[in-house]
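Fold and geometry: a report
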Amino acid sequence: MNNNRLRIAIQKSGRLSKDCQDLLKQLGVKLNLREQRLIAHSTNMPIDVLRVRDDDIPGLVMDGVCDLGIVGENVLVESQAERVGSTQNAEVIKLSKLDFGYCRLALAWPQELGPQDKSWFEGKRIATTYPEILKQYLQRENINASTVMLTGSVEVAPRAGLADAICDLVSTGATLEANGLMQGDTILESKACLIQNANLTDTTKLALIEKLMPRLKGVKQAKE
Ligand code: PRP
Ligand code: ZN
Ligand code: MG
């Protein structure tokens, strides 16, 4: 593998995938994404695109496995909180906020319980993919509740008896609605952002990023 190629991590399949692919196209990066491959080589620029689980993107960029990544701030904040107090590097450079991937991390509980205030959460079990962000919130709000870590299908946890409530991403609200859940407090608002490895020194790669940034600005302005 040619190490001079700029490596960009994007979500393989999920809410951000389509927008990420469109953005790369608008930046003039030609890719053959038809094949279900992990790595797609650009045909017109020294760029390789890695398609991975969104949760893996911050770590890949923090560790320098990828130079750039496009990821939701929610995932970035959670990954950084996970690495606090460890010897692992938790730093990245946030190059730009992007105009897609809007969502909020919110609490939700079974609709049949009706409206509830914060005190209801006392002693409850809350299922989430974002245990660090949730713990910080619970501490801030002085609520004694336990967290149940689930990497997927968080919305079925109350029905399955795994938890009393959930803390999950809400975009359109369709998932909560389909699962009979009522939305409560927003813990974090988020959108997609472009991050860079904090220790990147390769001048060829840095020059390419310098070239892409004004294009990104142009794409963002064109949308306004
Ligand atoms: C989030 C969340 C819900 C869905 C909510 O998942 O976990 O499943 O989006 O969106 P809605 O309000 O529009 O229904 P996400 O797409 O981030 O994927 P992931 O959980 O696989 O990372
Ligand atoms: Zn995910
Ligand atoms: Mg989901």
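Since we're looking at a predicted model, the values are computed, not measured.

Section: the overall build of the protein
In terms of regular secondary structure, the protein is built from six helices and 11 strands. The globule rule puts the C-alpha radius of gyration for 224 residues at 17 Å, and the 19 Å found for the protein is close to it. When its C-alpha atoms are laid out on the principal axes, the protein stretches across 55 × 35 × 35 Å. Expressed as a percentage of the 224 residues in the protein, the buried residues total 33%. If you take every contact in the protein between residues at least 6 apart in sequence, the share linking residues at least 24 apart comes to 68%.

Overview of the site of ligand 1
Surrounding ligand 1, one finds 13 residues, the nearest of these being Arg15, Ser171, Thr172, Ala174 and Thr175. Of all the secondary-structure elements, those providing two or more residues to the shell around ligand 1 are strand 9 (165–170) and helix 5 (174–178). When residues in the shell around ligand 1 are grouped by element, the largest group, three residues, is from strand 9. Per-class residue counts for the shell around ligand 1 are four nonpolar, six polar and three charged. The two domains that each donate at least three residues to the shell around ligand 1 are domain 1 (6–101 + 192–223) and domain 2 (103–190).

Looking at the pairing of strand 7 (residues 125–128)
With four bridges connecting them, strand 7 and strand 8 (residues 146–149) associate as parallel partners. Note on strand 8: the bridge partner recorded for Ile126 is Thr147. Note on the crossover from strand 7 through helix 4 (residues 131–140) to strand 8: the handedness is right-handed. Two elements, strand 7 and strand 9, share three bridges in a ladder whose sense is parallel. Within strand 9, the residue paired with Ala127 across the bridge is Ile166.

Topic: the domain arrangement of the protein
When cut into domains, the protein gives domain 1 (6–101 + 192–223) and domain 2 (103–190). Opposite the nine residues of domain 1 that make contact, domain 2 presents nine residues. Looking at the side of domain 1 that touches domain 2 element by element, the count peaks at six residues for helix 3 (residues 73–83).

Quick word on the sheet that holds strand 5 (residues 92–97)
With mixed pairing, six strands are arranged side by side in an open sheet as 2-3-1-4-11-5. Whereas interior strands pair on both sides, the edge strands pair on one side only; in this sheet they are strand 2 (39–41) and strand 5. Averaged over all adjacent pairs, the angle separating strand axes in this sheet is 25°, with direction ignored. Relative to strand 4 (residues 68–72), strand 1 (residues 6–11) runs parallel, the two being bridged by two bridges. Across the sheet, Ile8 pairs through a bridge with Leu68, a residue of strand 4. Along the sheet, helix 1 (residues 17–26) makes contact with strand 1, strand 3 (47–52), strand 4 and strand 11 (192–197), crossing strand 1 at roughly 150°.

Some remarks on the nonpolar core
Core analysis: the biggest nonpolar cluster contains 27 residues, and Ile8, Ala9, Val61, Leu68, Ile70, Val71 and Ile195 have the highest contact counts within it. Of all the secondary structure elements, the ones that give two or more residues to this core are strand 1, helix 1, strand 3, helix 2 (57–62), strand 4, helix 3 and strand 11. Setting aside chain neighbours within four positions, we find Ala9 in contact with Leu50, Val52, Ile57, Leu60, Val61, Cys66 and Gly69. Ranked by size, the runner-up nonpolar core spans 23 residues in total, among them Cys103, Ile133, Tyr137 and Ala145.

Overview of the confidence of the model for the protein
The pLDDT averaged across the protein works out to 95; a share of 99% of its residues lies at or above 70. Scored as a whole, the predicted complex attains pTM 0.93, and scored at its interfaces, ipTM 0.93.

Details of helix 6 (residues 203–223)
The first and last C-alpha atoms of helix 6 sit 31 Å apart over 21 residues, in line with the 30 Å expected at 1.5 Å per residue. In terms of burial, helix 6 is largely open, as just two of its 21 residues are buried.

Things to note about the sheet that holds strand 10 (residues 181–190)
On the basis of which strands lie adjacent, the open sheet formed by five strands has the order 8-7-9-6-10 and mixed pairing. Of all strands in the sheet, those with a lone pairing partner are strand 8 and strand 10, marking the two edges. Neighbour to neighbour, the strand axes of the sheet diverge by 30° on average, direction disregarded. Each of strand 6 (103–110), strand 9 and strand 10 is contacted by helix 3, which is oriented at about 75° to strand 10, the strand it contacts most.

What counts and what doesn't
- Residues numbered from 1 in each chain as written.
- Chains lettered and ligands numbered in written order.
- Predicted model: local features only at pLDDT ≥ 70, side-chain atom pairs only at ≥ 80, totals over all residues.
- Helix = DSSP H or I, 4+ residues; strand = E, 2+ residues; numbered from the N terminus.
- Rg over C-alpha atoms; globule rule 2.2 N^0.38 Å.
- Buried ≥ 20, exposed ≤ 12 C-beta atoms within 10 Å, placed from the backbone.
- Contact = placed C-beta atoms within 7 Å.
- Near = placed C-beta within 6 Å.
- Nonpolar A, V, L, I, M, F, W, Y, C, P; charged D, E, K, R; others polar.
- Domains from an automatic or database assignment.
- Pairing = 2+ DSSP bridges.
- Right-handed = clockwise from strand over helix to strand, strands pointing away.
- Axes fitted to C-alpha atoms, helices over the stretch in contact; angles between N-to-C directions.
- Core = buried A, V, L, I, M, F, W, Y, C linked by C-beta atoms within 7 Å.
- pLDDT = per-residue confidence, 0-100.
- Expected span 1.5 Å × (residues − 1).

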